[in-house]
Amino acid sequence: MDNVPTALPVLSCNLFGEAGDLPDVVHCETIEVRSKLHGWELTPHRHARLHQVLLIESGGGRATMEGHGLALAPQTLINVPMGSVHAFTFVPDTQGWVVTLAAEVIDEILDPSEGLRPVLARPAVLSAGTTASMIMRQIFDEHAGRRFARAQILRSLSGVLLGEVARRLSTDEPARPKTTDNTIFRRFEALLEEHLIEHWSVADYAKALSITPTHLSRMTRAAIGQPATRLIEERMIREARRNLVYTNLPVSKIAYALGYNDPAYFSRVFSQATGMSPREFRMRVEAQGAFHA
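Residues numbered from 1 in each chain as written. Predicted model: local features only at pLDDT ≥ 70, side-chain atom pairs only at ≥ 80, totals over all residues. Heavy atoms only, no water.

### With respect to the overall build of the protein chain
The line we're drawing: Runs of E in the DSSP output that reach at least two residues are strands. Runs of H or I that reach at least four are helices, and both are numbered from the N terminus. Burial classes: relative accessible area under 20% of the type maximum marks a residue as buried, over 50% as exposed, and values in between as partly exposed (1.4 Å probe, protein chains only). Note on contacts: a residue pair is in contact if any heavy atoms of the two residues lie within 4.5 Å. Residue exposure ignores everything except the shown protein chains as possible cover, and the areas themselves are Shrake-Rupley values with a 1.4 Å probe.
Each helix and strand counted, the protein chain has twelve helices and eleven strands in total. Sorting the 293 residues of the protein chain into buried and exposed places 50% on the buried side. A fraction of 75% describes how many contacts in the protein chain between residues 6 or more apart in sequence connect residues 24 or more apart. Looking at the protein chain as shown, the accessible area adds up to about 14,100 Å², and 53% of this sits on carbon and sulfur atoms.

In structure tokens form, the structure reads like this:
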């Protein structure tokens, strides 16, 4: 593994509705589809709310993950967590698959008590093995169809894929970048989950972490390219979106459950962040039918 300069600008990229509607349960595409358009090279970028798992069937190349170069070979499994800076240079005609999961879907799939999140938060290159290849093929096959129970099966298969990646991360010694100590950032993420509906300010989180608000925002920018205020807002909106998709609760009850005393104010916050009201968002997702089939 060798250090790779990171002088190139890092882009925050959307793939499919990242800034607006919830996507399908998963997004599936071959490595060739996107890479070939860019000369088999994808420059450094990050996805703020998307987790990706790639599997190289044939070919290879190099990955740059958090500034470190990693070799890619056939039957390679690549874990790209949300917010992780990554880039790829593939050998022409490399074949493989990319499965992308939105944050809301991750929230629905992973049980916090199982402890998979901190493991899956590590970018890594691993040996794929036959199990991961089989799961990938099943996900792509199910995604391409419109059969009954499609969404349920895709969620279940995605959970199996994430479990397989987490198991390999925890038991293997994968080639992965030696990132700088991010203990404070992980503590901030844990506090955010714990105090979300209390609507803590950046100053509140900084005080709990024994650092200054400026230091906290500088740290979050370094980690995922966004200030702490944006992360707090995005986590709240993500929870609101999840409730709108996966429950039948009225908008007013969702607002109260998220710590808002005024449902109208909640609707304004949601509209400013997403470009549509909570009711419009729910109606659009229901019209797509992706999460309920």
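### Overview of helix H8 (residues 213-224)
Note the threshold: Helix span, as expected, comes to 1.5 Å for every residue beyond the first. Think of the arc as the fan of directions from the helix axis to the C-beta atoms.
Given a rise of 1.5 Å per residue, twelve residues ought to cover 16 Å, and the 17 Å separating the end C-alpha atoms of H8 matches this to within 8%. Buried residues of H8: Leu 216, Ser 217, Met 219, Thr 220 and Ile 224, and no others. On an axial view of H8, the arc spanned by its buried residues comes to 160°, and they lie on one face. Among the exposed residues of H8, those oriented more than 90 degrees off its buried face are Thr 214, Arg 218 and Ala 222. Of the residues one or two after H8, Gly 225 is the one with positive phi, at around 80°.

### With respect to the packing of aromatic side chains
This is how the line gets drawn: Aromatic pairing here means that ring centres of Phe, Tyr or Trp (its six-membered ring) are within 6.5 Å. Orientation follows from the plane angle: under 30 degrees is stacked, over 60 is edge-to-face, and everything else is tilted.
Taken as a whole and judged by the stated rule, the model has nine aromatic pairs. Where Phe 266 meets Phe 270, the ring centres are 6.2 Å apart and the plane angle is 50°; that geometry is what we call tilted. Pair noted here: Phe 266 and Phe 270 are both in helix H11 (residues 263-274), with a separation of four residues, about one helical turn. On the accessibility criterion, Phe 266 (1% relative accessible area) is buried. Here Phe 270 falls in the buried class, since its relative accessible area comes to 0%. Aromatic rings pair up to connect Tyr 260, Tyr 265, Phe 266, Phe 270 and Phe 281 into one cluster.

### Some remarks on the environment of Asp 107
Residue position: Asp 107 is located in helix H2 (residues 103-109). With 132 residues separating them along the chain, Asp 107 and Glu 239 place their C-alpha atoms 8.8 Å apart. In this view, Asp 107 contacts Arg 117, Arg 235, Arg 238 and Arg 242; residues no more than four positions away in its chain are not counted.

### What about the side chain of Thr 220?
Short version of the rule: Under this definition, polar contacts are N or O atom pairs within 3.5 Å; protein pairs additionally need one hydrogen-donor-capable and one acceptor-capable atom, and for neighbouring residues in sequence, both atoms have to be side-chain atoms.
Examined against the element boundaries, Thr 220 turns out to sit in helix H8. Polar contacts involving the side chain of Thr 220 include one to the main-chain amide nitrogen of Ala 228, which spans 3.1 Å. The residues touching Thr 220, leaving out its near neighbours within four places in the chain, are Phe 185, Phe 188, Gly 225, Gln 226, Pro 227, Ala 228 and Leu 231.

### A few points about the sheet that holds strand S11 (residues 124-127)
Short version of the rule: In this scheme, strands are said to pair when DSSP sees at least two bridges between them. With axes taken as lines fitted to C-alpha atoms, and helix axes fitted only over the stretch in contact, angles between N-to-C directions fall between 0 and 180 degrees.
Sheet architecture is open: five strands sit in the order S3-S10-S5-S8-S11, paired in antiparallel fashion. The strands lining the two open edges of the sheet, one partner per strand, are strand S3 (27-30) and S11. Strand-to-strand twist in this sheet, taken as the mean axis angle between neighbours without regard to direction, amounts to 15°. Looking at chain direction, strand S8 (residues 76-80) and S11 are connected through four bridges and run antiparallel. Bridged to Ile 78 within S11 is Val 125. Where helix H4 (residues 129-144) meets the sheet, its contacts fall on S3, strand S5 (50-58), S8, strand S10 (95-102) and S11, and the angle it forms with S10 comes to roughly 70°. Together, S5, S8, S10 and S11 form the strand contacts of helix H5 (residues 150-171), whose direction differs from that of S11 by roughly 95°.

### Points about the nonpolar core
The criterion, for reference: Put simply, a nonpolar core is a bunch of buried Ala, Val, Leu, Ile, Met, Phe, Trp, Tyr and Cys residues held in one set by side-chain atoms that sit within 4.5 Å of each other.
Core analysis: the biggest nonpolar cluster contains 33 residues, and Val 99 and Ile 139 have the highest contact counts within it. If you tally residues by element for this core, the top one is H5, at eight residues. Other than its neighbours up to four places away in sequence, Val 99 contacts Val 26, His 27, Cys 28, His 51, Gln 52, Val 53, Met 136, Ile 139, Phe 140 and Leu 161.

### Describing unusual backbone geometry
The backbone phi angle of Asp 93 is positive, close to 70°, even though this residue is not glycine. Within the fold, Asp 93 resides in the loop between strand S9 (86-90) and S10. Take Asp 93: its relative accessible area is 51%, and that puts it in the exposed class. Located in the positive-phi region is Ser 210, a residue other than glycine, with phi close to 60°.

### Some details on the packing of helix H6 (residues 183-195) against helix H9 (residues 228-246)
How we decide: Put simply, angles under 35 degrees are roughly parallel, angles over 145 are roughly antiparallel, angles from 65 to 115 are roughly perpendicular, and the rest are oblique. Left-handed describes a crossing whose near helix is turned anticlockwise from the far helix by less than a right angle; the clockwise case is right-handed. Residues are sorted three ways: Asp, Glu, Lys and Arg are charged, Ala, Val, Leu, Ile, Met, Phe, Trp, Tyr, Cys and Pro are nonpolar, and all the rest, Gly among them, are polar.
Direction vectors running N to C along H6 and H9 enclose 40°, while the axes themselves pass 11 Å from each other. Put simply, H6 runs oblique to H9. The handedness of the crossing between H6 and H9 comes out as right-handed. Across from Phe 185, Phe 188, Leu 192 and Glu 193 in H6, the residues of H9 making contact are Ala 228, Leu 231, Ile 232, Arg 235 and Arg 238. Residue composition of the contact of H6 with H9, by class: six nonpolar, no polar and three charged.

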